[in-house]
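# Structural overview
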Amino acid sequence: MDYQSLLKDVTEIVLQAGKLLEAEWALPTGPRRQGDKADIDLEIEIELRAALLNRLDCDYWGEETGSRLSGAEYCWVVDPNDGTADFLDGLKGSALSVGLLYLGIPMLGVVYAPVTDLRGPDCISWALGLSGILRNGHLITHSLQHVRLESASRVLVSAAARKKPELNAMLFAPAQAIPTPSIAYRLATVAAGDAVAGVSLVPTSAHDTVAGHAILLGSGGDLLDAQGRAITYYTHQQLSQTSQRCFGGSRNACMTLVSRDWEMLFNNWGMTN
């Protein structure tokens, strides 16, 4: 497989589909919705699914259009709008997320946030064989391998962390906790050097993590579960729920965070993280 050629094609597919999300964000009346669902999510995934399977016809795991699992070596894993709830609440930073597994191992990932607070459209990607990761077409050779959790560190957490700033500050100390929509975008921006780790404290599925996981691998990072074990995607069950909590980034920083008492955040009040 020529992964780098495939990455170029997939990036073009994702950027094209991202125009739909950008246009939806700009609607004068706000994004269309049905309860907690955004209409645009299904529309984007229908476009992504057709284009991706046309480029490489294999298994498929998607959030909106379901799965097709035949035992093929390759499997596309797609979230058309990771961070839908925040998107509907008017927060910038939700992202299209497309990953490719080979025998359950991430080989390629593209995460694209068309609307962000600071950077403008932000596309981060990686495929096996690259010497680093790509951010908006520029190669980054940043490495997470020897990074530690320090006072100058940033850890990316969900937007819901704003509900309990003092408790989050204590649990992420000595680092600073930065609320950020989309676990996929958190993992990708960690790989690009924006932070030492990205965290989700609620259960995730493969569509949430595979693309970001792939990009982390390109920067020497890891994705760990609540017990500090490497997250894998070998079975249907692992695709359905990758972990109860996940910690992605520098292995040293992630192992430090794994040991914290995260149940404190869930006692006496509900939280999505």
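Residues numbered from 1 in each chain as written. Predicted model: local features only at pLDDT ≥ 70, side-chain atom pairs only at ≥ 80, totals over all residues. Heavy atoms only, no water.

### Remarks on the overall build of the protein
For clarity, the cut-off: Here a strand is any run of E in DSSP of at least two residues, a helix any run of H or I of at least four, and the numbering for each starts at the N terminus. What the globule rule says is 2.2 Å times the number of residues to the power 0.38, and the radius of gyration is computed from C-alpha atoms. Whether a residue is buried, partly exposed or exposed follows from its accessible area with a 1.4 Å probe, protein chains only, as a fraction of its type maximum: under 20%, in between, or over 50%, in that order. Throughout, a residue-residue contact means that at least one pair of heavy atoms, one from each residue, lies within 4.5 Å. Areas reported as accessible are Shrake-Rupley estimates using a 1.4 Å probe. Residue values count occlusion only from the protein chains shown. For the purpose of charge, His is not counted, nor are the chain termini; Lys and Arg are scored as positive and Asp and Glu as negative. The location of each charge is read from NZ of Lys, CZ of Arg, CG of Asp or CD of Glu.
When helices and strands are tallied, the protein shows eight helices and 15 strands. Its C-alpha atoms give the protein a radius of gyration of 17 Å, within 12% of the compact-globule value 19 Å for 273 residues. Once the C-alpha set of the protein is aligned to its principal axes, its extents read approximately 50 × 45 × 35 Å. When the 273 residues of the protein are sorted by exposure, 55% land in the buried category. Contacts in the protein between residues at least 24 apart in sequence constitute 62% of all its contacts with a sequence separation of at least 6. A total accessible area of about 11500 Å² is found for the protein, and carbon and sulfur atoms account for 51% of it. Charged side chains of the protein number 21 positive and 30 negative; the gap between the two group centres comes to 5 Å.

### Description of the layout of surface pockets
Stated formally: The method works on a 1 Å grid over the protein atoms by themselves. A cavity is a set of points holding a 1.4 Å probe that cannot get out, a pocket is an open set with protein on both sides within 12 Å along at least five of seven lines, and residues with an atom within 4 Å of a point line them. Grid points are joined across faces, edges and corners, and a volume is the space filled by probe spheres set on the points.
The computed volume of the second largest pocket comes to approximately 390 Å³. Along its surface, the second largest pocket is lined by 18 residues, and D117, L118, R154, T180 and Y185 are the ones closest to its centre. Elements supplying a minimum of two residues to the lining of the second largest pocket: β11 (154-157), β12 (176-179) and α5 (183-191).

### Describing empty space enclosed by the protein
Rules: Under this grouping Gly is polar, as are all residues other than the nonpolar Ala, Val, Leu, Ile, Met, Phe, Trp, Tyr, Cys and Pro and the charged Asp, Glu, Lys and Arg.
Overall, the coordinates contain one cavity of 30 Å³ or more when judged by the stated rule. Along its surface, the largest cavity is lined by L21, W25, F87, L91, K92, G93, S94, P114 and V115. In terms of residue class, the lining of the largest cavity is built from six nonpolar, two polar and one charged.

### Regarding the pairing of β11
Our working rule: Pairing between strands requires that DSSP locate at least two bridges from one strand to the other. Consider the strands pointing away from the viewer: the crossover is right-handed when the path from the first strand over the helix to the second runs clockwise.
Note that β11 and β12 share four bridges and pair parallel. The partner of V155 across the bridge, within β12, is A177. At this point the chain moves from β11, through helix α4 (residues 165-172), to the parallel β12, and the crossover so formed is right-handed. For β11 and strand β13 (residues 197-200), the ladder comprises two bridges, and the chain directions are parallel. Opposite V155, over in β13, you have A197 as the bridge partner.

### Let's talk about the sheet that holds strand β7 (residues 105-113)
In plain terms, the rule: In this analysis an axis means a line fitted to C-alpha atoms, helices contributing only their contacting stretch, and an angle means the value between N-to-C directions, from 0 to 180 degrees.
The strand order across the open sheet formed by eight strands is β4-β3-β5-β6-β7-β8-β9-β10, and the pairing between neighbours is mixed. Lying at the two open borders of the sheet, with one neighbouring strand each, are β4 (67-68) and β10 (138-140). Relative to β10, strand β9 (residues 133-135) is paired through three bridges, and the arrangement is antiparallel. Bridged to L134 within β10 is L139. Taken strand by strand, helix α1 (residues 3-25) contacts β5 (74-82), β6 (95-102), β7, β8 (122-127) and β9, and its axis lies near 30° from that of β7.

### Quick word on unusual backbone geometry
A negative phi angle characterises most non-glycine residues, just as the trans form characterises most peptide bonds. Look at the link from A173 to P174: it is a cis peptide, with omega at 5°. Considering the arrangement of structural elements, one finds P174 in the loop between α4 and β12. The phi angle at L103 is positive, at roughly 50°, despite the residue not being glycine. Inspection of the secondary structure assignment puts L103 in the loop between β6 and β7. Residue N136 is not a glycine yet carries a positive backbone phi of 50°.

### Looking at α5
The buried fraction of α5 amounts to nine of the nine residues, a majority that puts the element mostly inside the structure. Of all the positions in α5, only I183, A184, Y185, R186, L187, A188, T189, V190 and A191 are classed as buried. In the segment just after α5, G193 is the residue with positive phi, at about 100°.

### Focus: helix α6 (residues 206-218)
We apply this condition: Given the number of residues in a helix, its expected span is that number minus one, multiplied by 1.5 Å.
With 13 residues, α6 should reach 18 Å at 1.5 Å per residue; the first-to-last C-alpha distance of 18 Å fits that figure. Counted residue by residue, α6 has twelve buried out of 13 residues, so it is predominantly covered. Among the residues making up α6, those that are buried are A206, H207, D208, T209, V210, A211, G212, H213, A214, I215, L216 and G218. Following α6 by one or two positions, G220 has its phi on the positive side, about 75°.

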